[in-house]
Amino acid sequence: MTEGVQATANGDHIIILRYYREEIPVITTGSYKVIHVYYLRDKNGDTWEGTSDLRTVDVGQLDSESRKKTYTADNVVKEPEPKNFTVNGQHYTYTYDIPAYGKVAESDHKDDFTGEGNAGEGWVYTPDTKMREVYATEAGDQIIILRYYREVLPELPPTVSIGSYNVVHEYYYREKGEETDEGEDTVALTKNITVPLSISAPDSPTGPEAVLNATGNTSFKGTLIQNDAYDYTFEGMQQIESFSGPLESHYTKDNVTEKPVYTPDSGTQTNYTYYNVGYGYTTEDGYYECVIDKNRASATTEGKDIIILRYIREGGTPPKPEDPDEPDVPTEPDDPDKPDKPDKPGKPDKPTNPDGSQSPDDGGHPVEEDNPGTNPEPPKPETPEQPKVTGSDDPNPTEFPDPNDPNSPDTFTVWKDGVPQVYSKVWNAGLNKWEYLPEGNNTSANGAAVRTGDNNHTGLWMALTVGALGILYVSYSINRRRDKMKQGNEDQT
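Here's what I pulled together on the structure shown here. (Residues numbered from 1 in each chain as written. Predicted model: local features only at pLDDT ≥ 70, side-chain atom pairs only at ≥ 80, totals over all residues. Heavy atoms only, no water.)

Our next topic: the overall build of the protein. If you tally the helices and strands in the protein, you get 1 helix and 26 strands. For the protein, the residues scored as buried account for 32% of the 493 residues in total. Looking at the protein alone, contacts between residues at least 24 apart form 65% of all its contacts between residues at least 6 apart. On the protein, roughly 33800 Å² of surface is accessible, and the fraction owed to carbon and sulfur atoms is 49%. (Helix = DSSP H or I, 4+ residues; strand = E, 2+ residues; numbered from the N terminus. Buried < 20%, exposed > 50% of the residue type's maximum accessible area, 1.4 Å probe, protein only. Contact = heavy atoms within 4.5 Å. Areas by Shrake-Rupley, 256 points an atom, 1.4 Å probe, with all protein chains shown as cover.)

Bridging between strand β5 (residues 95-106) and strand β9 (residues 142-151) involves 7 bridges; their strand directions are antiparallel. Residue pairing in the sheet places Tyr 101 in a bridge with Ile 144 of β9. Pairing analysis gives 5 bridges linking β5 to strand β7 (residues 123-127), with the strands arranged antiparallel. By the bridge assignment for β7, Glu 106 is matched with Trp 123. (Pairing = 2+ DSSP bridges.)

Its identity as a non-glycine residue notwithstanding, Asn 88 has a phi of 55 degrees, on the positive side. Relative to the elements of secondary structure, Asn 88 occurs in the loop between β4 (70-71) and β5. Overall, Asn 88 belongs to the exposed group, its relative accessible area being 81%. With phi around 70 degrees, Glu 248 is a residue other than glycine that occupies positive phi space. Following the sequence through the fold, Glu 248 ends up in the loop between β15 (241-246) and β16 (250-251). A residue is classified by how much of its surface remains accessible, and Glu 248, at 47% relative accessible area, is partly exposed.

Here we take up a nonpolar patch on the surface. On the surface, a nonpolar cluster with roughly 520 Å² of combined accessible area is contributed by Val 5, Ile 15, Leu 17 and Tyr 19. Relative to the helices and strands, Val 5 is located in the segment before β1 (29-42). Here Val 5 falls in the partly exposed class, since its relative accessible area comes to 38%. (Patch = residues over 30% accessible without salt bridge, like charges linked within 9 Å, V, L, I, M, F, W, Y side chains within 5 Å. Salt bridge = Lys/Arg side-chain N within 4 Å of Asp/Glu carboxyl O.)

Right, let's talk about the packing of aromatic side chains for a bit. On inspection of all chains with the given rule, the structure shows 18 aromatic pairs. On the numbers, 5.8 Å between centres and 25 degrees between planes, the contact of Tyr 165 with Phe 243 is stacked. Highlighted residues: Tyr 165 in strand β10 (residues 162-176) and Phe 243 in strand β15, separated in sequence by 78 residues. A centroid spacing of 5.2 Å and a plane angle of 70 degrees characterise the contact between Trp 427 and Trp 434, whose relative ring orientation is edge-to-face. For the pair Trp 427 and Trp 434, one class covers both residues: buried. A cation over an aromatic ring shows up here: Lys 176 above the ring of Tyr 230, its NZ or CZ 4.8 Å from the ring centre. (Phe/Tyr/Trp six-rings, centres within 6.5 Å; stacked < 30°, edge-to-face > 60°. Lys NZ or Arg CZ within 6 Å of the ring centre and 35° of its normal.)

Inspection of the entire model under this criterion finds 13 salt bridges. Between Arg 150 and Glu 49 there is a salt bridge, and its shortest N-O distance comes to 2.7 Å. Taken together, the residues Arg 150 in strand β9 and Glu 49 in strand β2 (residues 45-51) connect sequence positions 101 residues apart. Comparing Arg 150 with Glu 49 shows no difference in burial state: the two are buried. Taking the shortest distance from any N to any O, the salt bridge between Asp 305 and Lys 294 comes out at 3.1 Å. Of the two residues, Asp 305 sits in strand β22 (residues 305-314) while Lys 294 sits in the loop between β20 (287-290) and β21 (297-298), which places them 11 residues apart along the sequence. Assigned by exposure class, Asp 305 and Lys 294 land together as buried. A network of salt bridges, in which partner residues are shared, links Arg 41, Asp 46, Asp 97 and Arg 147.

Before going further, it helps to examine the pairing of strand β23 (residues 411-416). As paired strands, β23 and strand β24 (residues 419-428) are joined by 6 bridges and run antiparallel to one another. Bridge assignment links Trp 415 to a residue of β24, and that residue is Pro 420. Between β23 and the antiparallel strand that follows it, β24, lie 2 residues; Asp 417 among them carries a positive phi value of about 55 degrees.

The next subject is the nonpolar core. Tyr 32, Val 34, Val 134, Ile 144 and Leu 146 are the most contacted members of the largest nonpolar core, which totals 18 residues. Mapped by element, the contributors of at least two residues to this core are β1 and β9. Excluding its chain neighbours within four sequence positions, the residues that come into contact with Ile 144 are Tyr 32, Lys 33, Val 34, Ile 35, Tyr 71, Thr 72, Ala 73, Val 76, Ala 100, Tyr 101 and Val 134. Counting 14 residues, the second largest nonpolar core, distinct from the first, contains Val 256, Tyr 262, Tyr 279 and Ala 299. (Core = buried A, V, L, I, M, F, W, Y, C linked by side-chain atoms within 4.5 Å.)

Looking now at the side chain of Thr 300. Mapped onto the fold, Thr 300 is located in the loop between β21 and β22. The class for Thr 300 is buried, based on a relative accessible area of 13%. A polar atom in the side chain of Thr 300 sits 2.9 Å from the backbone nitrogen of Gly 303. If we skip the residues at most four places from it in the chain, Thr 300 touches Gly 163, Ser 164, Leu 247 and Glu 248. (Polar contact = N/O pair within 3.5 Å; in protein donor to acceptor, adjacent residues only side chain to side chain.)

Bear in mind that shape data such as this cannot, by itself, settle questions of function.
Written as structure tokens, this is what we have:
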């Protein structure tokens, strides 16, 4: 290859200049978009209030790896305070809620408009509930939507201040006593101080004034003081209860549920009757006082006001805490077939002499006459009160009660054709049951001998009568023989 050319006569040498151009490769880039959307959240749901400016995030050249990469809200910095809009001139701070993902596209509508989907500058977005992430694309048509909200708190009612007051229930036994002068009544405080008190009537809404221990001290005797013809014995109190209410609201006995049932120290649950009410204050040292001029309790921040309800019971003897109630002594033995122990027979009468006078006793003194020759009559048992028979409220019954009912009476009067007839309850041994027969008739309809329902031990009393007569006869025979022997001796002398 020659390095040059020579000029020749015929000009057959040439210089050739060569040129080239290079083809530049096309570089493909990708992007996605981000927008922040703000809502007002209230009872009607979420209301769109504005959006941030639409921002494009360019990820650079797209290659096989970058095309597979995904982007989520975690890759976006949150903006709780929007800078590009206000609500009625007011800037608000919003709370980040949840993200959404979707598609974004240009719109023919270039003017700004408000509402869901507005991305500004002619762009609109459409959320896709199936998308959980976005890809960077050449068109940049995928978008991350970050949602924020603010709340309008409901208007709260005016604040109501709360106070408190107390309630206590006291229980007394009342019995008839001696009247006292009201001016002399006093009450001994549990601090061993005696203070004269002004006493109000029993039905007064306030009650007497007193300062008392509210913590169950054994010397506590209640707030009620005797001011009439009765004596009152304090039997106990319920625990003091505290109740709340609007500050400075007022309460009386009508606002308290009565508690007439109480178990005193005797251990027996007892029913009481509401008597009266008092009002007062609790004190710092565990006491409470009943104030005569106070007629209601108020709910206060200190909670010192107290309502004192008093209850009474009447009749009987107040039970002693250390002695349980004694059971009633039965008047009949447990075994009705077992006879009661007979009474000791009285001393027999002295026999009379043939001339009608009584013989002197062993001491030679004449004996006063007291119906000689009469037999002592055994005492008659008391007839127990018949139990009330169900269905026998009719004063003139025409039908019998069931004689086999344990509560049926031994005798029963039935009216037939306007005439009362008395029937007795008898035992029919043949039928093995009780039945009513006319009084005096102890033979049943089937001719069987029956026994009456009399449980007064008639056979026992007959045995006692025969025994007493026997004793009289023996005593009389002894005295008669002794008189004959004396008479014989006198004749011999």
